[in-house]
Amino acid sequence: MREKDSGADWDAEWIEAEKKMAQQSAEGFRTWTPAPEEDEPFDPADLPGFDPVSPASQPDLARLFFLVTGAILLLFILGFLDVLAFESQWWIVLGLIGFGSVAAGVFVSAPWSHRPDDDGTRV
């Protein structure tokens, strides 16, 4: 609907709304008040116990995969510096083994989705 069709003066209404907003901001339009002070101070020792972060599912195997990845990375660095020279097929195979070793290392270093002695109940 157009302004001339409705018969309303939108400019005057906007000016009036701006005046109201300015008046409210001068009066403090916020209604938030701080929470009352607590009677007792907070002591972290009062917190309940918790389970530690779950360890890796297979840390020895993860360490092995990451060592293989480090060794392959060292071979690539030596190849880049022209200390080692392999055919291109061997570089591709080494790269695939390196990527697979990283992926496997990350996978086995993740914690179990549930603890082995977990019966599945949740509170």
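A few points on the structure. (Residues numbered from 1 in each chain as written. Predicted model: local features only at pLDDT ≥ 70, side-chain atom pairs only at ≥ 80, totals over all residues. Heavy atoms only, no water.)

**A short note on helix α4 (residues 88–109)**
Then, number 1: Taking 1.5 Å of rise per residue, the 22 residues of α4 would be expected to cover 32 Å, and the 31 Å separating its terminal C-alpha atoms lies within 8% of that figure.
Then, number 2: For α4, the full list of buried residues reads Trp91, Leu94, Gly95, Gly98, Ser101, Gly105 and Val108.
Then, number 3: Buried residues along α4 sit in contact with α3 (59–80). (Helix = DSSP H or I, 4+ residues; strand = E, 2+ residues; numbered from the N terminus. Expected span 1.5 Å × (residues − 1). Buried < 20%, exposed > 50% of the residue type's maximum accessible area, 1.4 Å probe, protein only. Contact = heavy atoms within 4.5 Å.)

**A closer look at the packing of aromatic side chains**
Then, number 1: In this structure the tally under the stated criterion is 2 aromatic pairs.
Then, number 2: Summarising the aromatic geometry, the rings of Phe76 and Trp91 are spaced 5.1 Å apart at their centres and angled 50° between planes, so their arrangement reads as tilted. In this pair, Phe76 is assigned in helix α3 and Trp91 in helix α4, connecting sequence segments 15 residues apart.
Then, number 3: In this structure Trp91 comes out as buried when scored by relative accessible area, which is 19%.
Then, number 4: Three or more aromatic residues joined by ring pairs form one cluster here, namely Phe76, Phe86 and Trp91. (Phe/Tyr/Trp six-rings, centres within 6.5 Å; stacked < 30°, edge-to-face > 60°.)

**Some details on the packing of α3 against α4**
Then, number 1: It is the contact of α3 with α4, at a shortest axis distance of 8 Å, that shows an interaxial angle of 150°. By the angle between their axes, α3 is roughly antiparallel relative to α4. Like other packed secondary-structure pairs, α3 and α4 cross with a definite hand, here left-handed. Residues Leu61, Ala62, Phe65, Phe66, Val68, Thr69, Ile72, Leu75, Phe76 and Gly79 of α3 form the contact with α4, whose own contacting residues are Trp91, Leu94, Gly95, Ile97, Gly98, Ser101, Val102, Ala104, Gly105, Val106, Val108 and Ser109. (Axes fitted to C-alpha atoms, helices over the stretch in contact; angles between N-to-C directions. Parallel < 35°, antiparallel > 145°, perpendicular 65-115°, else oblique. Left-handed = near helix turned anticlockwise from the far one by under 90°.)

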